[in-house]
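# Chains, contacts and geometry: an overview
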Amino acid sequence: KKYTLKIKLRSTTRTLRQVQIENMASSIMELEAKVEISENLALGEGSVWCPLTHRLLFIDVARGKVFSYNPANPKDAPTCVHLRQPVGTVVPYKINEDGQPLIVAAMMKGIGVVNIETGKVVDRIASNPEQEAESLFTRWNDGKCDPNGRLWVGSMGLFCEADLGALYCFDGTTAKKTVAPTTISNGLCWSADGTKFYYIDTPTRRVDVFDFDVTTGAVSNRQTCINIPEDHGYPDGCTIDADDNIWVALWGGAAVRCYSPRTGECLAWVKLPATQVTSCAFGNSNGAADGALDQLYITTASCGLSEEQLKGQPLAGCTFKVDLSATKFTGVPAFPFQKQ
């Protein structure tokens, strides 16, 4: 009888656990994405909403193209400038004296200022750090600016080799290596109060959190706050919302998922008709200066897919949008670059 009782108790406990898991899964909000820009990019990446022009910026990495999109005119193709070299990331900078928007771009030959209207590189922020300048096997990947306007950008091996990359911080005069070694330096963002820095090195399948000093840019006390299950793909780019939830693009996972970094729990997800999901950014729907950041823009890639896979994913490489205006989720403005 004692043996029978143990079996029943264990069975009951397992059943309760199953119910808990089912309840958690059913509480995850599922969101719908629609095609916003139908051009099939090879490696669409680096989406960021420019707070100066109220346009979506994004790139095609290997083709060296930078796009600017006005959602108020969805029938118009995004404007495009060709930098004629691979580009890892772009961030907003300032409006010049002629009223033209400038961005900062991490390119193969260094960190430069680009006029987004003319496509001309008009200034150099920094040469590549010695390690990157001497290497024939690395390129820049994802990057963003911190609350003080310093540019953080990571490098990676051309063929994703282990431990060839690093994460750097550029203040306009110096470059400081902050996290190393890394393999595929990717998504990064900061908490609303500026005390936490979130970072993704893709093969780890984690989002890590650091304590962050806004004044000095120092990072410390690295910990893991989110673990990505194997069947969800690899974490790529990310963004953060007004409640400090982190939205992660999942390469190979055909999805963007929203997580609480406080609990690691998945709160919402977006299923996409393309497996190689690369980045996401909050913007608005009409390009207005006062528009709410209640739209989530998502870039994808068509590279890395076989001919057969491409036939099954005709929308691979397209840019998508999720309307969040009826939900509790809203974004926060991106930080432009500022020379220190």
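A brief look at the structure comes next. Source: prediction; values computed, not measured.

### A look at the pairing of strand β4 (residues 55-60)
Extensive coverage of β4 is indicated by the burial of five of its six residues. Two elements, strand β3 (residues 44-50) and β4, share five bridges in a ladder whose sense is antiparallel. Within the sheet, the bridge partner assigned to E45 lies in β4 and is I59. Strand direction decides the pairing type here: β4 and strand β5 (residues 65-69), joined by five bridges, are antiparallel. Within the sheet, the bridge partner assigned to L56 lies in β5 and is Y69. Hairpin connection between β4 and β5: a loop of four residues separates the two successive antiparallel strands, and G64 in this loop has a positive phi of roughly 65°.

### Description of the pattern of salt bridges
Throughout the structure, instances matching the rule amount to seven salt bridges. Note that R63 is salt-bridged to D60, the shortest N-O span being 3.3 Å. Residue class for R63 comes out partly exposed when judged on its relative accessible area of 41%. Residue classification places D60 among the buried residues on the basis of a relative accessible area of 0%. The shortest N-O distance in the salt bridge between R222 and D208 comes to 2.8 Å. In this pair, R222 sits in strand β18 (residues 219-227) while D208 sits in strand β17 (residues 206-212), placing the two residues 14 residues apart along the sequence.

### Things to note about the packing of aromatic side chains
Considering all chains together, one arrives at 16 aromatic pairs under this definition. On the basis of an interplanar angle of 35° and a centroid distance of 5.0 Å, the ring pair of W190 and F197 is categorised as tilted. Members of the aromatic cluster, connected to one another through ring pairs, are W152, W190, F197, Y199, F210 and F212.

Cut-offs applied
- Residues numbered from 1 in each chain as written.
- Predicted model: local features only at pLDDT ≥ 70, side-chain atom pairs only at ≥ 80, totals over all residues.
- Heavy atoms only, no water.
- Buried < 20%, exposed > 50% of the residue type's maximum accessible area, 1.4 Å probe, protein only.
- Helix = DSSP H or I, 4+ residues; strand = E, 2+ residues; numbered from the N terminus.
- Pairing = 2+ DSSP bridges.
- Salt bridge = Lys/Arg side-chain N within 4 Å of Asp/Glu carboxyl O.
- Phe/Tyr/Trp six-rings, centres within 6.5 Å; stacked < 30°, edge-to-face > 60°.

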